[in-house]
Amino acid sequence: MSVQAEGTFYVQGIGLRPKVQVSADGSGVVGHVGARLLADLADATGLTAAYSAALRPLRPRGTGHDPGRIATDLAVMLADGGEAIADLVVLRDQADVFGPVASTPTAWRLLADIDEAALASLRAARGSARETAWMQAAETGEGIPAARAGGRELPGLVLDLDATLVTCHSEKEQAAPTYKGGFGFHPLLCFLANTGEALSGRLRPGNAGANTAADHITVLDQALAQIPDAHRHGTDILIRADSAGSAKAFLAHVRDLRKRGIRTFFSVGYAITEPVRRAVRAMTDRLWHPALDQDGTLRDGAEVAELTGLIDLDGYPADTRIIVRRERPHPGAQLSLFDQDEGLRHQVFLTDTPSHGGGSAQFLEVRHRGHATIEDHIRCGKTTGFGRFPSRHFAVNAVWLELSLAAIDLLAWTRVLLLDGELAAAEPKKLRYRLLHVAARLTRGSRRLRLRISATWPWKNELATAFHRLAALPRPTS
């Protein structure tokens, strides 16, 4: 701040940072200490061992780096925020903390050697580790948390499906122009709303259709295969998607899963067609009811109505309901010509949840609106591996996607099993800044290594507690 007194300017003093000298000759200090938490969690859930068993055929002579360990290290690196295979150097150059880590060429060769059969084995291995993680959650806490909507818990599990665009800046196999004018891939993904786990994903060309029923069926089936048997059978499983998931063949598949003992229900977006527009215009004001916010309070300026019986839903599963919400558009909202004419934004969805047992249109609408959380999961997933694909070869990039899903799972299991409070709901960026990238001093004594976190680090206790909880987790038996 400048102050003038009798024609003279004075500058108020500000605090100066201490002067430092920088050299590159330190020893005993290591970084990314929290990433060791992820590596040990992969061991504790059996993911490392399951990967080793799945990829054993790729190590016929039993020499060199274990392929399963390489896959785990890649997943840990991605969870830690790495973007390229070369980022393994962060783990490799700290062997005292992370042990022997494969070189970049060795990791490249492994990814190139994994064929479709080995990729399927990796998926099965991740499902096995998930079963262990869920059992650990049940034994050490309250188990898998419930998803919420409208101020109350949702029964069972909630699976969200959605596709996203990933831009490629160089020629890659099966990369193609996208519907938004870009160039790259169009993967379809499924996340578990309860925990943020990445259950499944399918890498697709950039010009893949958004509403392709076959792709939705494949991704859903792979996601269901990831759910432990004890939860897959006998538990309500809600499948949410936007209008891309409204294909009749996909919804028929969701309904047919009940014949296999899987209690699936759907809640999917629906296009605003001319019959829908006519029905909305014909609705009297008394048939509209106030919409709800996610905390259960009334949503200002929004209303819900049921259109079931007013729209021909021939070809859709029996007892399918159709519900519409209208509300004042927020600034910048994309409006159709119909919305502009009406002065309100409209969104329509289909569900087969019956009206009895709490299935009111108001509650089902706010429950469906919770599907938007998958956009946050995808945004975070793009910083955890699948926002950038490393290879020209499609098969290698498909493996990369699978390992990025494992990285997302490791972060989700860390939150559920090892963290409390704010960090138990933190996004990857916050976890990396506060826990994963912290530095520590490595000391030796009594034939043991000790990581000494700075006593002034604001989240030292949270990280130390997480390591202690990890050590106490029950381990899977061989």
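Here the structure is shown first, and the text comes after it.
Residues numbered from 1 in each chain as written. Predicted model: local features only at pLDDT ≥ 70, side-chain atom pairs only at ≥ 80, totals over all residues. Heavy atoms only, no water.

(A) A look at the pairing of strand 16 (residues 321-327). Judged by how many residues are buried, strand 16 sits mostly within the fold: seven of seven residues are covered. Here strand 16 shows no split at all, with Arg321, Ile323, Arg325 and Glu327 on one side and Ile322, Val324 and Arg326 on the other all buried. Bridge analysis of strand 15 (residues 298-306) against strand 16 gives five bridges, and the strand direction is antiparallel. Counted as the bridge partner of glutamate 306 is isoleucine 323 from strand 16. The pairing of strand 16 with strand 17 (residues 345-351) spans seven bridges and is antiparallel. Bridged to valine 324 within strand 17 is valine 348. (Buried < 20%, exposed > 50% of the residue type's maximum accessible area, 1.4 Å probe, protein only. Helix = DSSP H or I, 4+ residues; strand = E, 2+ residues; numbered from the N terminus. Pairing = 2+ DSSP bridges.)

(B) Molecular detail of the layout of surface pockets. Of the volumes computed, that of the largest pocket is approximately 1400 Å³. Asp242, Ser243, Arg345, Gln347 and Glu375 are, among the 40 residues lining the largest pocket, the residues nearest its centre. The set of elements that each furnish at least two residues to the lining of the largest pocket consists of strand 6 (157-163), strand 13 (264-270), strand 16, strand 17, helix 13 (361-369) and helix 14 (373-386). When its residues are assigned to classes, the lining of the largest pocket shows 15 nonpolar, 12 polar and 13 charged. Estimated volume of the second largest pocket: approximately 660 Å³. The wall of the second largest pocket is formed by 21 residues, among which Arg448, Leu449, Arg450, Leu451 and Phe467 lie closest to the centre. The set of elements that each furnish at least two residues to the lining of the second largest pocket consists of helix 1 (33-44), helix 5 (95-98), strand 18 (440-445), strand 19 (448-453) and helix 17 (460-472). At six residues, strand 19 tops the list of elements feeding residues into the lining of the second largest pocket. (1 Å grid on protein atoms, 1.4 Å probe; cavity = no way out; pocket = protein on both sides within 12 Å on 5 of 7 lines; lining within 4 Å. Points joined across faces, edges and corners; volume = space filled by probe spheres on them. Nonpolar A, V, L, I, M, F, W, Y, C, P; charged D, E, K, R; others polar.)

(C) Broad picture of the sheet that holds strand 19. Pairing is antiparallel across the open sheet formed by three strands, whose spatial order is 3-18-19. The open sheet terminates on both sides in strands that have one partner only, identified here as strand 3 (29-30) and strand 19. Strand direction decides the pairing type here: strand 18 and strand 19, joined by six bridges, are antiparallel. Bridging from a neighbouring strand, threonine 443 pairs with arginine 450 of strand 19.

(D) Layout of the packing of aromatic side chains. Going through the model one piece at a time under the given rule, you end up with four aromatic pairs. Relative to phenylalanine 389, the ring of phenylalanine 185 lies with its centre 5.4 Å away and its plane at 80°, an arrangement referred to as edge-to-face. One end of the pair, phenylalanine 185, is in strand 9 (residues 183-185); the other, phenylalanine 389, is in the loop between helix 14 and helix 15 (394-418), with 204 residues separating them in the sequence. Pair check on accessibility: phenylalanine 185 and phenylalanine 389 agree, each one buried. With a centroid separation of 6.2 Å and an interplanar angle of 70°, the aromatic rings of tyrosine 270 and tyrosine 316 are classed as edge-to-face. Taken together, the positions of tyrosine 270 in strand 13 and tyrosine 316 in the loop between strand 15 and strand 16 put the pair 46 residues apart, joining distant regions of the chain. Under the relative-accessibility criterion, tyrosine 270 is labelled buried at 14%. Its relative accessible area of 16% is what places tyrosine 316 among the buried residues. What links up through ring pairs into an aromatic cluster is the set Phe185, Phe389 and Phe394. The ring of phenylalanine 265 carries the charged tip of arginine 258 above its face, separated from the ring centre by 4.6 Å. (Phe/Tyr/Trp six-rings, centres within 6.5 Å; stacked < 30°, edge-to-face > 60°. Lys NZ or Arg CZ within 6 Å of the ring centre and 35° of its normal.)

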